[in-house]
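Single-letter residue listing:
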Amino acid sequence: MSNRNIGNERVIYLNNNEKNLLTYKKESNYISTSKYTLCSFIFKFLREQFSKYANVFFLFTALLQQIPNVSPTNRWTTAIPLAFVLAVTAIKEIFEDYKRHKSDNEVNNRKIQIIENNKVVVKTWDDVKVGDIVRVENDCYFPADLILLSSSEPDALCYIETSNLDGETNLKIKQGLVETSTILTPEAASQIQGIIKSEQPNNRLYNYDGVLIMGDKSYPLDPTQLLLRGAKLKNTQWIYGVVITTGPNTKLLKNSNKAPIKKTSVEHMTNYQIVFLFGILLILSITCTIGYFMRQNYSFEKVILHPKEDNSFSVKDVILGFLTFIVLFNNLIPISLIVTMEFVKYCISILINNDLDMYYEISDTAAQCRTSSLVEELGQVEYIFSDKTGTLTCNIMEFQKCSIAGQKYSKKKNKNDISLNEKSFDKLKNDLKEAHFNDSIYQFVTLLSVCHTVIPEQDEKNPTVYNYQASSPDEGALVKGAILFDFQFITRKPHSIIVRVNGKDLEYEILNICEFNSTRKRMSTIVRCPNGEIKIFTKGADTVIFERLAENGNIYMDSTIEHLEEYASEGLRTLCLATRTISSEEYMSWSKIYDEASTTLNNREEELMKAAELIEKDLFLLGATAIEDKLQDGIPETITTLTQAGIKIWILTGDKQETAVNIGLSCKLINNDMDLIIFDEEEIKGTSEGLSQFIDEHLRNPMGLVIDGKTLEYALKDDNKIKFLELATLCQSVICCRVSPLQKSLVVKLVKNNIDAITLAIGDGANDVSMIQAAHVGVGINGMEGLQAARAADFSISQFRFLNKLLLIHGSWAYSRLSKLILYSFYKNLTLYLTQFWFAFNNGFSGQTIYESWTLTSYNVLFTVFPPIVMGFFDQFINAMYLNKYPNIYKEGFLAKKFNISRFVSWTIIGLYHSLILYWMIKNIWYESQIDKNGNIGNHWMLGATLFTCVLGTVLLKAGLSIDKWNKYTTLAVVGSYVLWVILLPIYCYIGPLIKLSPELDGIGNKIYSIMVFWLTIIIIPVVCILRDYLWKFMTREYFTNDKHIIQEMQKLNIDDYSINQSWYQKAVGKISMINHMRKSRGFAFSQNESGQANLIRVYDTTKKKPTGL
Amino acid sequence: MANKLGNRPADTAFKQQRLKSWQPLLTPKNVIPIFFIIGVIFLPIGIALYVSSESVKEIILDYTKCKYGGKPTLPIAAWNYDSQQNICTVNFEIFSEYKKPVFLYYRLTNFYQNHRDYFKSYMPKQLKSDKYYKDDISDCAPLDKSNGKQYYPCGLIANSFFSDEVIGSKLVREDSFEYEFSESGISWSSDKDKYKNMNVNQLTDEELKNLIPPPNWKKDFPQYKNGYTRENFPRLADMERFQVWMRVAGLPNFRKLYGQNKNGSLPKGRYSIQIIDRFDVESFGGTKSIIISNVSAFGGKNPFLGIGYVVVGSLSLLLGIIFLVKNMISPRKLGDTSYLSYKTQ
């Protein structure tokens, strides 16, 4: 055994810090998820910023402007705004990284007990070193990967919860080596000597290889002894463990990829558009350079500009001329766009964080947007990939209903909720008091409290209360359910259990347990009852139970089936219960067979199954239980609304098929109008053929696809995956069950990479992290336990139902707002700078600017910076209520109706048109130097200031036309920008020349406003420009009316469309579904670890006192 | 309680995006009135502007080809050219009285005062200095210095100063009635601060020798043929025509004010004007004209703005009427839910 090949191994010395330190000096348990450190900030930040085309371009422009004589504008007009933009971004980055540092610190500073020199010392997580022996207490997370030495439980057993690692919430059992299980005190822990040879750090969660060498003996270590960072100790008071890997080397952290930098599709397109604008810029510059070049032979240039004959024209002039034009037109690409966009996204994210509708009072958590750059992506989601446990369900199983001997009982107390022929649990409890031992109801409840593998634990504070450790949540629910009828399971001993019935302790001797597995779909316990009778209690799937009923045991079968179907249609998980009294002769003979089977070495499991088959016969059907896998609030409504919004929802769960389908039903994701396609074949061939077959048939009916993890493995292979995707996208809903975390991310990537659609993944556990990171948008549920998913996610919310508000409202708004913001920003700069281009035709392509430098710069950073911001911040094309009522409008998002090439081109054309009108009109109004009423003529800069006012008026009117909703801030931004200019112009004309900033403007300020024509000009030109847009917008509403228009009008006129009142509609559909469904499913579902339970529970004796470990 | 729900967002209209707001929709009910309002406001303004522009009297005398003789086109009745002294005499008729004030402009076409190379070639500090300006004047390139001597005033703008001269700055009627235009007051008031007369007496002989007139000045103005002396040194602060010239025009066809008469109206009659023709426009394909004009409250003659207002006003009215009629005949029902796309599908 000792010569197991571990390969390149790590050697860890027990209780020998010096030696460990030699090897693992550099390994620390400190983790860091932050992006920057103090030192790396400048370098990393600049590298990231200058990976954006726009910033490189502006840097280039700023440098160009430093070349003497190239820049037509002041040499600092790009450098200063660029520096400002970078500074703002830097502040934002610092702020966001600070938050990451804070949360890292919180984790790194968690407390942990470390054994040092016979004593327990409390240290922080980041102090944990390889080789340390640590003590972890109940409900605490393991700080690093540990090898379990001993625990408070017998035989070094312990329970852990691994939901952060794999999303499974049922407890898992780990067991230390027998050789170390006696270490129950710090002293003992400090004494042990030896070494652990361990595998190199890797990311395989389910594998582990190691050897513990003590003295000259070596003992193999496998995953059973391994406690992983991220898991949590449950129902075990304490454990001792040796740290084998720390911090970044732990399997959990090896599994977590560095969060990828996500770019939204809008950002992608914006980048393309910037390149496109750069193209326009080049075209304009080249056109002007050619014009400049051609004009060199014109006599004006020769006679007036080059009066000295030695001034010859060279290639250098052409290049410098070209650069001049680049500088002149550089702001076609709006310098403020990127920073405005980021600022607005940040603001939107704050609004999301502050939304009361997404605040969950019970856990006192509000929604949190962690990646503000993704907000507009929320408005374009087409596929949602959802985890099940903890996301759709609360992860609470509740015993809700049962059918005993053909009589229905329900937990519900309210009379209105209880249907006809249904009795309440209270009634059942009363009936029980009078029942005889052999009555069905008595047997039924006895079965609940006896036939299981649950371990009870007396509560320390309240001795009458027992907590149950159940590796199957269903069993936990049943045992707890029995308490409702005063059947309290209190003690488990190796060979018996005690149930307290109405205050009386009854001891049942456990003779045999025939375990549950997925083939048998049932479990049985054979007990000797207090009255000496031997009974078999069986619970399991309806089909397997019905097969094994005695001829006279099926008297309640018909009514039970009816009830089962009813329960199933409500999405409840059902189990059938049956029993039989066994004569002692029969038991004796069977017991031999069983014992023989249990000692076989080969095929033991099969032999045991055969043995069980012999005794599980001629059963008497007692009835059925219905357990509710409690859905989170509002799940069905949310899913219905999201479906109406055109979003396709896929459930990816580690759970079993039955459970998954059940949840699908109960959350209305699948209904019974659907044809369910179920793939659970393991064969490659079967999968491939199955896929082809279904696609060929091309079913008309709405389809739902249920696919098993194993089949999925083949479906995801290169040859099949496109076919699989084709089929899956034909289906209305897809449920993937028993999938691994890796498969989850593969499914997401399959859709993401092959379909042009935005994907969203939502989950709560660490097992969802890979999928959350893979999807375009990752949403984490702030679950009850663990925040791993929420930390890795771009958004975190407390409840699945908040997705509704997040997507349909915040998402739609963000998408619409940012589309407007971006298109408008492009438009406003095009309009201004194209007038410069038209002007070039009238100034001999000399690169002369028509506007004064700083006016030009302030256009981007002052006068037109607020309208895009208010558009991004406040605009609501439809209000929240109507967006929620008419989710159909959400489709505009993923159909990219608001932001696409044609929208961009049309805004570009509008910019072109406006600039042409602006320049043509001002040229004609100006005529041959405008003459004022004193006969004085205006000069170039007055022309510039007039045109600038017109441009500003036009783009602000356009902003006004684009804004759907006006509030005081919006009004202030739009009107205020104009007023600001009108006020600042004369002031600037006075101060500018005074401080030598802009001598050009001297004398204009006090003159321009006295000219009547100036006022008439700045009125008519914007009106002419905007008249077309106004008319167009009106005509579109009148003659090409779309949903948005109608809903806006409904909102305005307060019209409600009763004919599509959803809740009513949904209820109707639900009813029809229910009827249809009855023939289909009986809702069996049961989750339980496969085998091994029976032996484990036999180790327990809950009457013994546990060691404290101190 | 407050402590327990510490993360609860504040319930303010701002944070919950419930700010009081107004959502204007472009429905016939508010669009049609707006068309009418624009029409009703713009049309009268347009008409007033047009009438006012038409009331401005203006005569344009293009004398570019005067030196070649030949038959001039109207409104020039006749011209003749004295090639000895390069004087062009233009005869024209004023048919009705020009109300005061009356202005005399010259107009150049195809002259790119707004050319960047031209535009930047001047040195405000030199113009403002009453002493010899010692610092760098390379801004004036290519006309900053010649053989170490400084052009005064330097730069392309100054060099190309319009050199034609209206003799006596006056119009002479057949009956010898003279109507004079004054140079004073034609530049902007702010120009006063931008120019200073050189304190000639303070200049050393060397400094004076170092200041030379721009090439065109030397060529065109007889007084500068031999350079500057203490007597003929240009007094920039008094040369308002020069200041007007230095205010660069925005477009390649432009007018500049040459003189004004605020005292009396210009009576009708046949007039002549004598211009010394020095400024070469043909070399760059331009033209030059003299314009006599008065102004209205809206400034010079330019019907464009008036027409613009009339067109926009009538178009708006027309649209308003069309939509009004349409809306009366077959109105669209607002918020008609039966047209929602998922219902019609």
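Reading the values: the criteria
Residues numbered from 1 in each chain as written. Chains lettered and ligands numbered in written order. Predicted model: local features only at pLDDT ≥ 70, side-chain atom pairs only at ≥ 80, totals over all residues. Heavy atoms only, no water. Pairing = 2+ DSSP bridges. Helix = DSSP H or I, 4+ residues; strand = E, 2+ residues; numbered from the N terminus. Domains from an automatic or database assignment. Phe/Tyr/Trp six-rings, centres within 6.5 Å; stacked < 30°, edge-to-face > 60°. Lys NZ or Arg CZ within 6 Å of the ring centre and 35° of its normal. Disulfide = S-S within 2.5 Å. Buried < 20%, exposed > 50% of the residue type's maximum accessible area, 1.4 Å probe, protein only. Core = buried A, V, L, I, M, F, W, Y, C linked by side-chain atoms within 4.5 Å. Contact = heavy atoms within 4.5 Å. Axes fitted to C-alpha atoms, helices over the stretch in contact; angles between N-to-C directions. UniProt positions renumbered as here; feature names shortened; annotations may be inferred. Parallel < 35°, antiparallel > 145°, perpendicular 65-115°, else oblique. Left-handed = near helix turned anticlockwise from the far one by under 90°. Nonpolar A, V, L, I, M, F, W, Y, C, P; charged D, E, K, R; others polar. Buried area = accessible area lost by both parts, 1.4 Å probe. Salt bridge = Lys/Arg side-chain N within 4 Å of Asp/Glu carboxyl O. pLDDT = per-residue confidence, 0-100. 1 Å grid on protein atoms, 1.4 Å probe; cavity = no way out; pocket = protein on both sides within 12 Å on 5 of 7 lines; lining within 4 Å. Points joined across faces, edges and corners; volume = space filled by probe spheres on them.

Asks: Can you lay out the sheet that holds strand E5 (residues 145-146) of chain B for me, pointing to particular residues and giving the numbers?
Replies: Residue and element names in this part refer to chain B. The 3 strands lie next to each other as E5-E6-E10, forming an open sheet whose pairing is mixed. In this open sheet, the two edge strands, each paired with only one partner strand, are E5 and strand E10 (211-212). Where E5 and strand E6 (residues 149-151) come together, 2 bridges link them in antiparallel fashion. Residue pairing in the sheet places Ser-146 in a bridge with Lys-149 of E6.

Asks: Provide a residue-level description of the domain arrangement of chain A, including the pertinent values.
Replies: By a frequent convention, interface size equals the accessible area lost on bringing the separate parts together. Domains assigned within chain A are domain 1 (10-16 + 128-255), domain 2 (335-349 + 808-1046), domain 3 (382-392 + 632-798) and domain 4 (421-571 + 1085-1099). A separation of 66 Å is found between the C-alpha centroids of domain 1 of chain A and domain 2 of chain A.

Asks: An account of the packing of aromatic side chains is needed here, citing residue identities and associated values.
Replies: Evaluation of the coordinates by the stated rule reveals 78 aromatic pairs over all chains. Centroid distance A:Phe873 to B:Phe14: 5.6 Å. Interplanar angle 35 degrees. Geometry classified as tilted. Of the two residues, A:Phe873 sits in helix H29 (residues 866-874) while B:Phe14 sits in the segment before helix H1 (28-55), which places them in two different chains. One Lys or Arg, A:Arg295, reaches over the ring of B:Tyr112 and ends 4.2 Å from the middle of that ring. Above the face of the A:Tyr882 ring, A:Lys885 is positioned so that its terminal group lies 5.1 Å from the ring centre.

Asks: Any details on the state of the cysteines? Residues and values, ideally.
Replies: All names here are of chain A. According to the stated counting rule, one finds 2 disulfides over all chains in the structure shown. By sequence order of its bonded cysteines, chain B has the disulfide arrangement 1-2, 3-4. Left without a disulfide partner, Cys-731 is nearest to the cysteine sulfur of Cys-736, which lies 11 Å away. Cys-731 sits in the buried class, given a relative accessible area of 2%.

Asks: Lay out the nonpolar core with the relevant residues and their values.
Replies: The nonpolar side chains of a soluble globular protein tend to be buried, and buried together. Ranked by internal contacts, the top residues of the largest apolar core, which has 253 residues, are A:Leu803, B:Trp245 and B:Ile292. Per-element accounting of this core gives the leading share, 24 residues, to helix H27 (residues 802-840) of chain A. Other than its neighbours up to four places away in sequence, A:Leu803 contacts A:Ile384, A:Leu642, A:Leu760, A:Ile762, A:Val779, A:Ile797 and A:Leu808. Of all hydrophobic cores here, the second largest spans 79 residues; its members include A:Cys402, A:Phe485, A:Ile497 and A:Val499.

Asks: Describe in detail the sheet that holds strand E4 (residues 102-108) of chain B, supporting the description with residues and values.
Replies: All names here are of chain B. Pairing is antiparallel across the open sheet formed by 4 strands, whose spatial order is E1-E13-E4-E11. At either end of the open sheet lies a strand with only one pairing partner, and these are strand E1 (58-62) and strand E11 (254-261). Strand-to-strand twist of the sheet, defined as the mean angle between neighbouring strand axes without regard to direction, takes the value 20 degrees.

Asks: Explain the UniProt feature "transmembrane region" (unreviewed entry) in chain B to me, and be specific about the residues and the numbers.
Replies: Residues and elements named next belong to chain B. This chain's UniProt record puts "transmembrane region" (unreviewed entry) on residues 30-51 and 304-325. For residues 30-51, the helix share is 100%, the strand share is 0%, and the end-to-end C-alpha distance is 32 Å. Helix makes up 100% of residues 304-325 and strand 0%. Its end C-alpha atoms lie 31 Å apart.

Asks: Which residues make up the packing of helix H8 (residues 265-295) of chain A against helix H10 (residues 315-329) of chain A, and what values go with them?
Replies: Residue and element names in this part refer to chain A. With their axes 9 Å apart at the nearest point, H8 and H10 run at an angle of 140 degrees to one another. As the angle between them shows, H8 and H10 are arranged oblique. When you trace H8 past H10, the crossing you get is right-handed. In this structure, H8 uses Leu-281, Leu-282, Leu-284, Ser-285, Ile-286, Cys-288, Thr-289, Tyr-292 and Phe-293 to contact H10, whose residues at the interface are Asp-317, Val-318, Gly-321, Phe-322, Phe-325, Ile-326 and Phe-329. Each residue belonging to the contact of H8 with H10 can be placed in one class, and the counts come to 12 nonpolar, 3 polar and 1 charged.

Asks: Just give me the short version of the interface of chain A and chain B, but keep the residues and values in it.
Replies: Contacts between the two partners involve 105 residues from chain A and, on the opposite side, 102 residues from chain B. Both faces considered, chain A and chain B share a buried interface measuring about 9000 Å² in area, 62% of it formed by carbon and sulfur atoms. Across the contact surface, chain A and chain B share 5 salt bridges. Counting residues per element, the side of chain A that touches chain B draws most heavily on helix H36 (residues 1012-1039) of chain A, which supplies 17 residues. Of the residues in the side of chain A that touches chain B, the class split is 52 nonpolar, 31 polar and 22 charged.

Asks: Lay out the confidence of the model for chain A in plain terms, naming residues and giving numbers.
Replies: Residues and elements named next belong to chain A. Taken over all residues, the pLDDT of chain A has a mean of 84, while the share at 70 or more is 91%. Of the regions scoring below 50 in pLDDT, residues 1-6 engages in 12 contacts with residues more than four places distant in sequence or in other chains. Predicted confidence is poor over residues 1067-1079, with pLDDT under 50, and the contacts of this stretch with residues over four places away or in other chains come to 12 contacts.

Asks: Explain empty space enclosed by the protein to me, and be specific about the residues and the numbers.
Replies: Applying the stated criterion to the full structure yields 8 cavities of 30 Å³ or more. Roughly 180 Å³ of volume is contained in the largest cavity. Lining of the largest cavity is provided by 19 residues; of these, A:Ile925, B:Phe298, B:Gly300, B:Lys301 and B:Asn302 occupy positions nearest its centre. Secondary-structure elements contributing two or more residues to the lining of the largest cavity are helix H32 (901-926) of chain A together with H1 and helix H8 (304-329) of chain B. The greatest single-element share of the lining of the largest cavity, amounting to 3 residues, is contributed by H1(B). Classifying every residue of the lining of the largest cavity by side-chain character gives 8 nonpolar, 8 polar and 3 charged.

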